[in-house]
Amino acid sequence: LLDHKAEVNIMTDYGASPLHITAIRGDLGMAKLLLEHKAEVNAQTLNKLTCLHIAAWHGYLSLMELFLEKKADPNLPDYAGCGPIHYAVAHDDLEMVEFLLNHGANPSLTSLRGATPLDLARAGDLHEMSNLLISYGAIASATPPATRPSSRTTKRLTSRPTSRPASRPASRPA
């Protein structure tokens, strides 16, 4: 299809591109092929997830390396203000966190709820992770919340959004 000029950056109803779906599957070969055909490495889903968020969530370091080599932004926030580094910390992936830090990830990126990667590490009793983040200049928030990227974030990416029944009122933001 790509040889016949198929649109490589087409989005699904929930905003995922073929590159997002490839990242979910962990398919390095397909990711390389899509990027060779000008797939947008910083494209965001409706939940503002990038391929880096997905790779960090799943622990796909080889995909992370490829995306960063193709100029992916390691500090783009998702809908909650979390960067890929938040996801890597939440999964206690020391190697991926260090890799992100070495490629420009902000060790003090603050989510919309006020959580920094260091807050997540401390909340999870991840001492080695905390020390690594501090060695890169990370700071904790003044009032650390107990929050982490939700597994629902990635689950939503792989399922179609559903409509709220008309009889059920919309919930108010907190």
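Refer to the preceding data block for the structure.
Residues numbered from 1 in each chain as written. Predicted model: local features only at pLDDT ≥ 70, side-chain atom pairs only at ≥ 80, totals over all residues. Heavy atoms only, no water.

## Focus: the overall build of the protein chain
Then, number 1: Along the backbone of the protein chain there are nine helices and zero strands.
Then, number 2: If you list the helices and strands of the protein chain from N to C, you get α-α-α-α-α-α-α-α-α.
Then, number 3: Out of the 174 residues in the protein chain, the part that is buried amounts to 45%.
Then, number 4: Put simply, 70% of the contacts in the protein chain that link residues at least 6 apart link residues at least 24 apart.
Then, number 5: Split by element, the accessible area of the protein chain, about 9700 Å² in all, is 51% carbon and sulfur. (Helix = DSSP H or I, 4+ residues; strand = E, 2+ residues; numbered from the N terminus. Buried < 20%, exposed > 50% of the residue type's maximum accessible area, 1.4 Å probe, protein only. Contact = heavy atoms within 4.5 Å. Areas by Shrake-Rupley, 256 points an atom, 1.4 Å probe, with all protein chains shown as cover.)

## Quick notes on the packing of helix α4 (residues 61-69) against helix α6 (residues 94-102)
Then, number 1: In contact at an axis separation of 11 Å, α4 and α6 are set at 5° when each is read in the N-to-C sense. Between α4 and α6, the angle is such that the two are roughly parallel. Along its contact with α4, which presents L61, M64, E65 and L68, the element α6 presents E95, M96, F99 and L100. (Axes fitted to C-alpha atoms, helices over the stretch in contact; angles between N-to-C directions. Parallel < 35°, antiparallel > 145°, perpendicular 65-115°, else oblique.)

## Looking at the packing of α6 against helix α8 (residues 127-135)
Then, number 1: For the pair α6 and α8, interaxial distance at closest approach is 10 Å and the crossing angle is 5°. One finds that α6 runs roughly parallel with respect to α8. Touching L94, V97, E98 and L101 of α6 are E128, M129, L132 and L133, all from α8.
Then, number 2: Class assignment of the residues belonging to the contact of α6 with α8 gives a composition of six nonpolar, no polar and two charged. (Nonpolar A, V, L, I, M, F, W, Y, C, P; charged D, E, K, R; others polar.)

## Some details on the side chain of S130
Then, number 1: Tracing the backbone shows S130 in helix α8.
Then, number 2: Judged by relative accessible area, which is 7%, S130 ranks as buried.
Then, number 3: Once residues within four sequence positions are removed from consideration, S130 is found in contact with L118, A121 and R122.

## A short note on the nonpolar core
Then, number 1: Counting 42 residues, the largest nonpolar core has M64, F67, V97 and L133 as its most contacted members.
Then, number 2: Those residues within four positions of M64 in sequence are excluded, and the remaining contacts are L52, A55, A56, M96, F99 and L100. (Core = buried A, V, L, I, M, F, W, Y, C linked by side-chain atoms within 4.5 Å.)

## Some words on the packing of aromatic side chains
Then, number 1: Applying the stated criterion to the full structure yields one aromatic pair.
Then, number 2: Aromatic side chains W57 and Y87 sit 5.7 Å apart centroid to centroid with 75° between the ring planes, which places their arrangement in the edge-to-face category. In this pair, W57 is assigned in helix α3 (residues 51-58) and Y87 in helix α5 (residues 84-90), connecting sequence segments 30 residues apart.
Then, number 3: Classification of W57 as buried rests on a relative accessible area of 14%.
Then, number 4: Of the residues examined, Y87 reaches a relative accessible area of 1% and is grouped as buried. (Phe/Tyr/Trp six-rings, centres within 6.5 Å; stacked < 30°, edge-to-face > 60°.)

## Let's talk about α3
Then, number 1: With seven of its eight residues buried, α3 lies for the most part within the structure.
Then, number 2: The first or second residue beyond α3 is G59, which carries a positive phi of 80°.

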